[in-house]
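# Observations on the model geometry
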There are 2 protein chains.
Amino acid sequence: MQSPKPESVLSLAILGLVSQHPRSGYDLRKTFATTPMGHFSSSPGAIYPALKRLEERGLVEGKTEGADTLKPKRVFGLTDDGLETLRAELRRPIGRDDVIWHVEALVLRFAFMGDVLGRPATLEFLGAFRDRMADYLPTLEQTAQELKDEGRTHAAVAVSHGLEQYRAHIRWATAATQTLSQDADRE
Amino acid sequence: MQSPKPESVLSLAILGLVSQHPRSGYDLRKTFATTPMGHFSSSPGAIYPALKRLEERGLVEGKTEGADTLKPKRVFGLTDDGLETLRAELRRPIGRDDVIWHVEALVLRFAFMGDVLGRPATLEFLGAFRDRMADYLPTLEQTAQELKDEGRTHAAVAVSHGLEQYRAHIRWATAATQTLSQDADRE
DNA sequence: AATTTCATGTAACCAGTTACATGATTCA
DNA sequence: TGAATCATGTAACTGGTTACATGAAATT
């Protein structure tokens, strides 16, 4: 039970967002629909059930605002358990799986990390992120080279898309480290 | 019915792979598990049902090899309908949705396009790919700039990850166009 | 008065994950 | 002979999609 299975991306996004300030399901939908965080559902059929699950697990807590009015509204905030779970997820070491299958989740973790874990932990994360990405790169480079040598140009070009992606990850992490280091006194 | 709903990524991957040469479920699993195409399931619980569905839709056809032996093997090939569907999917114009949610599928389409549609169509696709990505870029750039101006450095850095990704897409498409143009007589 | 936006939800469906089950074949 | 690999599949569960449903509040 050391590492409680990683949250699904949507749960993570919700936990992170309500950690900033309490939000209703509708607020979440709006956020997903209108901000660049919007590689997410935004569909009620995803969000309301997800909120219900998180509430059942005791990670978020819904308070009904304006219970007296005709149009009451449920606003969700993080519980202590929720914060703990979020922290745990943000601190989870980056594994090969994350690098191959869940890069989006890693970036999402970064996005919430500033507020929840602070600057030093964030810089550590970025370093690990860069290193894991760099670990994976040679595998791809080799495959691309082999394909090229075999004269399978088209296939090599397809693989090189992945290469460019990973290089971009690395570049980003490096630049981000720079930016956040220099910005030490802000925020 | 003009544009039949796009194939799921997994179906597309399977159609593309069996279009190259007939494969068994196990072959597909191996491919997904060992090649850089492997951002895919590779789990039997995904592949065998997917094959069954494709067969029911008449897109692939399974032939039992060695029906006499004790260990018969089902090898799947594309039907005419399957080829037609694959072609249609590969030719589907790139929309905003694809650029935001299904980039992986676009790259997969590229990967199979060389054999199925030929070089000229592929170059056209790459041009469209680059243009759609370029269309999307300014939105992100603006968001990043706004966040920066508001002093929300961390958020701006998070968004800049997306920026780097899209720039990498564009760079790749440009380079790929180059490579494939110069390689005109190969393959 | 009509339309849009706010706001919450459900139900049917679909597809993928994990884990299980089975058994043949090949290799050490 | 025991382990690894070949090979195919199922079942329960999970979570997301689409579409539906409802109705208040605000805007035009």
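Here's a quick rundown of the structure. (Residues numbered from 1 in each chain as written. Chains lettered and ligands numbered in written order. Predicted model: local features only at pLDDT ≥ 70, side-chain atom pairs only at ≥ 80, totals over all residues. Heavy atoms only, no water.)

### Here's the deal with the environment of Lys 73 of chain B
Residues and elements named next belong to chain B. Convention followed: Put simply, DSSP H or I for four residues or longer makes a helix, DSSP E for two residues or longer makes a strand, and each gets a number counted from the N terminus. Buried residues are those whose accessible area, probed at 1.4 Å on protein chains only, stays under 20% of the maximum for their type, while exposed residues exceed 50% and partly exposed ones sit between those limits. Whether two residues are in contact is decided by their heavy atoms, any of which lying within 4.5 Å being enough.
Mapped onto the secondary structure, Lys 73 falls in strand 3 (residues 73–78). Taking the relative accessible area as the measure of exposure, Lys 73 reaches 39% and is therefore partly exposed. Here Lys 73 is in contact with Ser 24, Lys 63, Thr 64 and Glu 65, once residues within four sequence places are set aside.

### Looking at the protein's contact with DNA strand C
Here is the rule: Being near a molecule or strand, for a residue, means having at least one of its heavy atoms within 4 Å of it. Here a polar contact means two N or O atoms within 3.5 Å. Within protein one must be a hydrogen donor candidate and the other an acceptor candidate, and residues neighboring in sequence count only if both atoms are side-chain atoms. We call Asp, Glu, Lys and Arg charged. Ala, Val, Leu, Ile, Met, Phe, Trp, Tyr, Cys and Pro are nonpolar, and the rest, Gly among them, are polar.
Every one of the 18 residues lining DNA strand C counts as a neighbour, but Tyr 26, Arg 29 and Arg 74 of chain A together with Gly 45 and Lys 71 of chain B are closest to it. The protein-proximal atoms of DNA strand C, defined as those within 4 Å of the protein, are 62% sugar or phosphate. Here a phosphate oxygen of DNA strand C and a side-chain polar atom of Tyr 26 of chain A are 2.6 Å apart. One nitrogen or oxygen atom from the side chain of Tyr 48 of chain A is found 3.2 Å from a phosphate oxygen belonging to DNA strand C. Put simply, the parts of the chain that give the surface near DNA strand C at least two residues each are helix 2 (25–34), helix 3 (44–56) and strand 3 (73–78) of chain A together with helix 3 (44–56) of chain B. Ranked by residues supplied to the surface near DNA strand C, first place goes to helix 3 of chain A with four residues. Across the surface near DNA strand C, the residue classes tally to five nonpolar, seven polar and six charged.

### A look at the packing of aromatic side chains
So the rule is basically this: Centres within 6.5 Å make a pair out of two Phe, Tyr or Trp rings, where for Trp the six-membered ring is used; the pair is then stacked when the planes are under 30 degrees apart, edge-to-face when over 60, and tilted otherwise.
Under the defined criterion, the tally for this structure stands at 10 aromatic pairs over all chains. A ring pair is formed by Phe 110 of chain B and Trp 172 of chain B, whose centres lie 5.1 Å apart and whose planes are at 85°; its orientation type is edge-to-face. Placement of Phe 110 of chain B in helix 6 (residues 103–117) and of Trp 172 of chain B in helix 8 (residues 153–182) is noted, with a sequence separation of 62 residues between them. Chaining the aromatic ring pairs together yields one cluster made of Phe 110, Phe 125, Phe 129 and Trp 172 of chain A.

### A look at the packing of helix 1 (residues 9–20) of chain A against helix 3 of chain A
All names here are of chain A. Test applied: The convention used is that axes are lines fitted to C-alpha atoms, helices contributing only their stretch in contact, and that angles between N-to-C directions extend from 0 to 180 degrees. Angular relationships are summarised with four words: roughly parallel below 35 degrees, roughly antiparallel beyond 145, roughly perpendicular across 65 to 115, and oblique for the angles in between.
At their nearest, the axes of helix 1 and helix 3 sit 10 Å apart, and the two run at 75° to each other. Taken together, the axes of helix 1 and helix 3 are roughly perpendicular relative to one another. Residues Leu 10, Ser 11, Ile 14 and Leu 15 of helix 1 form the contact with helix 3, whose participating residues are Ala 46, Ala 50, Leu 51 and Leu 54. In terms of residue class, the contact of helix 1 with helix 3 is made up of seven nonpolar, one polar and no charged.

### Examining the pattern of salt bridges
Note the threshold: Criterion for a salt bridge: a side-chain nitrogen of Lys or Arg within 4 Å of a carboxyl oxygen of Asp or Glu.
Applying the stated criterion to the full structure yields 20 salt bridges over all chains. In this structure, the salt-bridge partner of Arg 132 of chain A is Asp 135 of chain A, at a minimum N-O distance of 2.2 Å. With Arg 132 of chain A and Asp 135 of chain A both in helix 7 (residues 119–149) and three residues apart, the pair spans about one turn of that helix. Assessed through its relative accessible area of 39%, Asp 135 of chain A is described here as partly exposed. For Glu 150 of chain A, the salt bridge identified is with Arg 152 of chain A, shortest N-O distance 3.6 Å. By relative accessible area, Arg 152 of chain A is classed as partly exposed at 44%. Overlapping salt bridges bring together Glu 141, Glu 164 and Arg 167 of chain A together with Arg 171 of chain B as one network.

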